[in-house]
Every structure is written in structure tokens, then in C-alpha cells.
Amino acid sequence: MSEVAESRSVVWSRWALLALVVLVATVAVDQAHKFWMLEIYGIEAKGRVEITPFLDLVFVKNIGVSYSLFNQESAEGQYMLVAFAVLASACLWFWLNWSKGSRLMAVSLGLIIGGAIGNAIDRLRIGGVADFISLHAFGFHWYVFNVADVAIVAGVIGLLYESFRGESH
């Protein structure tokens, strides 16, 4: 195999197109939902909206990472979190292509990278991640999350499932 073909395989492999489609779809759905919630539905002005006894819609701008860890109020701090998301996404992309992966790995990594990019776009646009979905029951409130967060969790579950199943072929 030539050096050009080997170096290119780190960037594009058998499952790269599938991962890219999932990634782009994830970013599109996430950003469309956030646009609708903020610009059309106007969730900021509405405050907390009860949908069911266990589900509310509310706007929270998360300036940190998961569970508001490492809060970054400054623009520079948000840029650092964006840079981290881009670096982590690039590493995941290279891992998919270097490992040759599987269909499940491609979908899972597409979800994770798409979610990370969706949240990074928020950091650039509004200075933090826009979260809207609040689940609660029996006095316990989970953290407020968004479509990108759901995609990241689903992607991690897919990778865990594959690691126990051993589908890498």
C-alpha cells in the first residue's frame, strides 16, 4: 500500500461516510431544535413550562461542561471549551478511521462528534450551551439537557454495547 493511501485511511475509511451523515444530521437536528426553542417558541420569556408531571421545558445556559463542571464565564474560557471539543472530535474521527471500526462504531462516533459540535456551536453563538429538557420525579431533578447531550449519551451507550458484544469487523 502506498504512503498516500495509508495516510488517507486515517481521515477516510469504510465507515466514514456513515459517520459523517450521522454527525451532520445530529448537528442539524440539535441546532434546529435550539433555534426553534429560542427564536420561535421563546422559551426564555416563558420560564419553566410543565409538559408532563415529570418533564418541563426551561432555558438554562450551561457555561461549563457536564453537570456545569469547570464553569467558564469568559469568552476565552468558552473558546478553550470549543477548542477541546474540536480536538476531542478530531481524535474520535481519526480513531474511527484508523481502527476500521464497524457500522455501530460509525453511528456511535457520529452521534458523539455531532453532539460535541452542536454544543460547541452554542458556545460560539451564545457563550454557553443551551439546555432545555428537565426530567424530574419524586423531588429528584436530573440535570437540564438538550438534543446534543442525548446524542452523546446514545453514542457512548453504542460504543459500550459494541465493546461488550465485540462487533469490530
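Right, let's walk through the structure included here. The numbering scheme is per chain: residues are counted from 1 as the chain's sequence reads. pLDDT decides what is reported in this predicted model: residues at 70 or higher carry local features, side-chain atom pairs at 80 or more are listed and counted, and totals for whole chains, interfaces and linings draw on all residues regardless. Derived side-chain values reflect all non-hydrogen atoms in the structure, with water molecules and hydrogen atoms excluded from consideration.

### What about the side chain of Asn-119?
Right, so step 1: Helical segments are the DSSP runs of H or I of at least four residues, strand segments are the runs of E of at least two, and each set is numbered from the N terminus. By the element assignment, Asn-119 lies in helix H5 (residues 103-126).
Right, so step 2: With relative accessibility at 10%, the residue Asn-119 sits in the buried group.
Right, so step 3: Excluding its chain neighbours within four sequence positions, the residues that come into contact with Asn-119 are Asp-30, Lys-34, Val-129, Asn-146, Ala-148, Asp-149 and Ile-152. Here the term buried applies to any residue with accessible area under 20% of the maximum for its type, exposed to any over 50%, and partly exposed to those in between, with areas from a 1.4 Å probe on protein chains only. In what follows, residue pairs with any heavy atoms lying within 4.5 Å of each other are defined as contacts.

### Some details on the sheet that holds strand S1 (residues 49-52)
Right, so step 1: Pairs of strands are assigned from DSSP output, requiring at least two bridges between the strands. One open sheet holds the four strands; their spatial order is S1-S2-S3-S4, and the pairing between them is antiparallel. At either margin of the open sheet sits one strand with a lone partner, and together these are S1 and strand S4 (140-141).
Right, so step 2: In this analysis, axes come from line fits to C-alpha atoms, helices being fitted only over the stretch in contact, and the angle between any two N-to-C directions falls in the range 0 to 180 degrees. Lying over the sheet, helix H2 (residues 16-40) contacts strand S2 (55-62) and strand S3 (129-137), oriented at roughly 85° with respect to S3.
Right, so step 3: Lying over the sheet, H5 contacts S2 and S3, oriented at roughly 120° with respect to S3.

### Some details on a nonpolar patch on the surface
Right, so step 1: Surface patches are defined over residues having more than 30% relative accessible area and no salt bridge, joining like charges when they lie within 9 Å and nonpolar side chains (Val, Leu, Ile, Met, Phe, Trp, Tyr) when within 5 Å. Throughout, the Shrake-Rupley method with a 1.4 Å probe supplies accessible areas, and for residues the shown protein chains are the sole cover considered. Definition used for salt bridges: Asp or Glu carboxyl oxygen within 4 Å of a side-chain nitrogen of Lys or Arg. Residues Val-11, Trp-12, Leu-17, Leu-20, Val-21, Val-24 and Phe-94 make up a contiguous nonpolar surface patch of roughly 610 Å² in combined accessible area.
Right, so step 2: For the nonpolar patch, the element with the highest residue contribution is H2, accounting for four residues.
Right, so step 3: Overall, the relative accessible area of 52% leaves Leu-17 in the exposed class.

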